[in-house]
Number of protein chains: 2
Amino acid sequence: MQGTTRTPSQPTTAYQPTDRTVPTRSPDRASYDKELVHSILDEGYVCHLGFVRDGAPVVLPTLYARVGDRLYVHGSTGSRPLRMTGAADPGLPVCLTVTHVDALVLARSAFHHSINYRSVVVHGSAYDVTDPQEKRTALDALVDHVVPGRSGDSRPADKKELAATAVIRLDLDEVSAKLRTGGVNDEPEDLALPHWAGLLPLRKGYEAPIADPGLAPGTGLPGYLSAL
Amino acid sequence: MQGTTRTPSQPTTAYQPTDRTVPTRSPDRASYDKELVHSILDEGYVCHLGFVRDGAPVVLPTLYARVGDRLYVHGSTGSRPLRMTGAADPGLPVCLTVTHVDALVLARSAFHHSINYRSVVVHGSAYDVTDPQEKRTALDALVDHVVPGRSGDSRPADKKELAATAVIRLDLDEVSAKLRTGGVNDEPEDLALPHWAGLLPLRKGYEAPIADPGLAPGTGLPGYLSAL
């Protein structure tokens, strides 16, 4: 499809395609470019983490963060996927997906209605993070992923909180991006139809911050927030 | 947690909780209220559909629509989950999840950083829709889910397009919502810390529509779009 094909990347800057990261449909919308994959991951807040329990799929939304070629997900030590990871020796098979919807695509034909989106799908095994230093790094990354610079402006987790938090890691190895960009792709014979066609872009960004009513006196809005 | 608990619904207007729809963590954030579940589903564009392939989880973003107590997902007849559904007799076990991120929650402590979100998780089996009338209804719903009223202002799918489109259905039966609302929940001993705390709400809505450059002469922006 025109406007959606990307120039193939150099091998050193791209993930290696595998059977399950090459889509059966619209392979021209797939990309293995590391920079693109990282940018899509870094822009998101919530991933959808899939795993198998009792033979059935489970998909849960959860916060995540990227550190280099590794993703971290955290949660209570009592949550299901994190308990399963801790118990699993060779790791827990997971699929982690992040999706951004950029625009609604309204075509003249119902069939060609679509959305412009960017998504990343990661396949792999998740492992419990037990090294204290790696756990600290991951937790800082999780806070900084939500708001860059924030981990340095909050009270770090204490011993009890650290113990209550489980962190799992998933290496970026078998991973692909998929995206649709550009405009409407109607059939040539539909172009004269009297239906409005075009893009409806979704708003992005933030509304004004709402301060907690109990802020300590003299606590102003930090620069990393007013910059957003 | 204060501010996140919902009043239990009347049985007639709520889904029945099951083992896998009662969360092990923060059960006070769960709801089975039909109206709430439907409103969360109707507000989303993309769901994350999980299924099991070769024993491993797969999570793919895809468009969906709700018609009463039933969800529809469509795609090319060549796409993997849709081929698997068509081939499966007792249906394909799936987990379909929709999540909205409403605000970032910045606490004084790293541990209490969170997000305000609303999510719905549906467990069940997906079936291929073969009845032509139900397929038409589903396809109209999929277009109207993206922009209400749009299916009546576009060329309906022709025979060839219908044949190329697979639709699967998933009944809303084993389903729950989970949500976090409200403000920051810091520990009392952290309230005097000099870190800014509060909510950073995410922007919602649309930017101005971008018309296709080849619109038929005299095609204005329809009312259902300018109303957005």
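See above for the structure.
Cut-offs applied
Residues numbered from 1 in each chain as written. Chains lettered and ligands numbered in written order. Predicted model: local features only at pLDDT ≥ 70, side-chain atom pairs only at ≥ 80, totals over all residues. Heavy atoms only, no water. Helix = DSSP H or I, 4+ residues; strand = E, 2+ residues; numbered from the N terminus. Buried < 20%, exposed > 50% of the residue type's maximum accessible area, 1.4 Å probe, protein only. Contact = heavy atoms within 4.5 Å. Areas by Shrake-Rupley, 256 points an atom, 1.4 Å probe, with all protein chains shown as cover. Least-squares fit on C-alpha atoms with pLDDT ≥ 70 in both. Salt bridge = Lys/Arg side-chain N within 4 Å of Asp/Glu carboxyl O.

Asker: Go over the overall build of chain A, please, and point to the residues and values.
Answerer: In terms of regular secondary structure, chain A is built from 5 helices and 10 strands. Scored against the burial criterion, the 228 residues of chain A give a buried share of 54%. Across chain A, contacts joining residues at least 24 apart in sequence account for 72% of those joining residues at least 6 apart. On chain A, roughly 10,000 Å² of surface is accessible, and the fraction owed to carbon and sulfur atoms is 54%.

Asker: If you had to explain the relation of the copies chain A and chain B to someone new, which residues and values would you point to?
Answerer: Least-squares fitting of chain A to chain B yields an RMSD of 0.0 Å, with the superposition described by an axial translation of 0.0 Å and a rotation of 180 degrees. Taken together, the rotation and translation relating the two chain copies correspond to the operation of a two-fold axis. In this assembly, 100% of the residues forming the interface of chain A have copies in chain B that are likewise at the interface, indicating an isologous arrangement.

Asker: Give me the lowdown on the pattern of salt bridges, citing residues and values where you can.
Answerer: Any two side chains of opposite charge can pair, so long as their charged atoms come close to each other. Throughout the structure, instances matching the rule amount to 28 salt bridges over all chains. Here Arg108(A) makes a salt bridge to Asp212(B), at a shortest N to O gap of 2.9 Å. Here Asp212(B) lies in the loop between β10 (210-211) and α5 (223-226) and Arg108(A) lies in the loop between β5 (92-106) and β6 (114-128), a pairing that spans two chains. Given the relative accessible area of 0%, Arg108(A) is considered buried. A relative accessible area of 16% means that Asp212(B) is categorised as buried.

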